[in-house]
Amino acid sequence: KNEVEQSPQNLTAQEGEFITINCSYSVGISALHWLQQHPGGGIVSLFMLSSGKKKHGRLIATINIQEKHSSLHITASHPRDSAVYICAGTGNQFYFGTGTSLTVIP
Amino acid sequence: NAGVTQTPKFQVLKTGQSMTLQCAQDMNHEYMSWYRQDPGMGLRLIHYSVGAGITDQGEVPNGYNVSRSTTEDFPLRLLSAAPSQTSVYFCASRYTGTGANVLTFGAGSRLTVL
């Protein structure tokens, strides 16, 4: 059983659309991370949150502790947002979701 | 700061060959780790270290060795490469004190074992 499950696996959007990626996690995870991986590139951390909501530019991350659920929203999506988005939970170790591959079409 | 530096970026090996993936960080992070990334799977922990002289196994340690002689360096050794070790490898480090425990990743090393 995976400690972290994310959906959808693949997502295609038109430029300008509002995008949501979801992540569910199991008991024992104290914080939730959102990571971004560009094709052929490394992995960068976007957000770490254990409660509430965080915003950075057009990216918003929310977490509902009671429901053990987090979402990553992208407003006014742009082709440069095309990447794989990974959620990861922190417990004793980092537990990674399998990633959501996002393609934003101009 | 250079962050986390991984080398080489690409490597092709024949079955049975050995090699070392290098990882260095200049952020004085105590925690360092190696992950492999395979299609359709999340990042999987191979080995990790919480400080110089201390290493431990992760989820998929078989076929890999590590050592941590300094805070800065955490090399990953493949003693006898197998095709199943074809993957993209990431080194990552983080601060272990109070505060944000965000992982900082290296750029990745793509390994192909023929």
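Everything here concerns the structure above.
So, here's what we can say about the structure. Values in this document were obtained by computation on a predicted structure and should not be read as measured data. (Residues numbered from 1 in each chain as written. Chains lettered and ligands numbered in written order. Predicted model: local features only at pLDDT ≥ 70, side-chain atom pairs only at ≥ 80, totals over all residues. Heavy atoms only, no water.)

## Topic: the overall build of chain B
Point 1. Across its full length, chain B holds zero helices and 11 strands.
Point 2. For chain B, the α and β elements follow one another from N to C terminus as β-β-β-β-β-β-β-β-β-β-β.
Point 3. Against the 2.2 N^0.38 benchmark of 13 Å for 114 residues, chain B shows a C-alpha radius of gyration of 13 Å, consistent with a compact globule.
Point 4. The C-alpha extent of chain B, read off along each of the three principal axes, is 45 × 30 × 25 Å. (Helix = DSSP H or I, 4+ residues; strand = E, 2+ residues; numbered from the N terminus. Rg over C-alpha atoms; globule rule 2.2 N^0.38 Å.)

## What about the sheet that holds strand 8 (residues 76-78) of chain B?
All names here are of chain B.
Point 1. In space, the four strands of this open sheet follow the order 1-3-8-7, with antiparallel pairing throughout. A single partner strand is all that each edge strand has here, and the edge strands are strand 1 (4-7) and strand 7 (64-66). Neighbour-to-neighbour, the strand axes of the sheet open up by a mean angle of 20°, direction not taken into account. (Pairing = 2+ DSSP bridges. Axes fitted to C-alpha atoms, helices over the stretch in contact; angles between N-to-C directions.)

## A short note on the interface of chain A and chain B
Point 1. Between chain A and chain B, the residue contacts involve 16 residues of the former and 19 residues of the latter.
Point 2. At the boundary of chain A with chain B, total buried surface from both sides reaches about 1300 Å², with 62% on carbon and sulfur atoms.
Point 3. Linking chain A with chain B are zero salt bridges, by the criterion used here.
Point 4. Secondary-structure elements contributing two or more residues to the side of chain A that touches chain B are strand 4 (31-37), strand 5 (43-49), strand 9 (83-90) and strand 10 (94-96) of chain A.
Point 5. Grouping the amino acids of the side of chain A that touches chain B by side-chain chemistry returns six nonpolar, 10 polar and no charged. (Contact = heavy atoms within 4.5 Å. Buried area = accessible area lost by both parts, 1.4 Å probe. Salt bridge = Lys/Arg side-chain N within 4 Å of Asp/Glu carboxyl O. Nonpolar A, V, L, I, M, F, W, Y, C, P; charged D, E, K, R; others polar.)

## Some words on unusual backbone geometry
Point 1. For the bond running from S7 of chain A to P8 of chain A, omega is -5°, close enough to zero to count as cis.
Point 2. With respect to the element layout, P8 of chain A can be found in the loop between strand 1 (4-7) and strand 2 (10-14).
Point 3. At the junction of T7 of chain B and P8 of chain B, the peptide bond is cis and its omega measures out at -5° in the coordinates.
Point 4. Relative to the assigned elements, P8 of chain B resides in the loop between strand 1 and strand 2 (10-13).
Point 5. If you check the backbone angles, N28 of chain B has positive phi at about 60° while not being a glycine.
Point 6. Along the chain, the position of N28 of chain B falls in the loop between strand 3 (19-25) and strand 4 (31-37).
Point 7. The exposure class assigned to N28 of chain B is exposed, which follows from its relative accessible area of 56%. (Buried < 20%, exposed > 50% of the residue type's maximum accessible area, 1.4 Å probe, protein only.)

## Let's talk about the environment of H69 of chain A
Residue and element names in this part refer to chain A.
Point 1. Relative to the helices and strands, H69 is located in strand 8 (residues 69-74).
Point 2. Residue classification places H69 among the partly exposed residues on the basis of a relative accessible area of 22%.
Point 3. With 11 residues separating them along the chain, H69 and R58 place their C-alpha atoms 20 Å apart.
Point 4. Once you skip the residues sitting within four places of it in the chain, H69 turns out to touch N22, C23, S24, Y25, T62, I63 and N64.

## Looking at the sheet that holds strand 6 (residues 52-56) of chain A
All names here are of chain A.
Point 1. If you walk across this open sheet you meet the five strands as 1-3-8-7-6, and the pairing is antiparallel. Pairing within the sheet leaves two strands with one partner each, and these edge strands are strand 1 and strand 6. Strand-to-strand, the axes of this sheet are offset by a mean angle of 15°, without reference to chain direction.
Point 2. Sheet topology note: the strand 1/strand 3 (residues 19-25) ladder contains four bridges and is antiparallel. Within the sheet, the bridge partner assigned to V4 lies in strand 3 and is Y25.

Geometry only, nothing functional implied.
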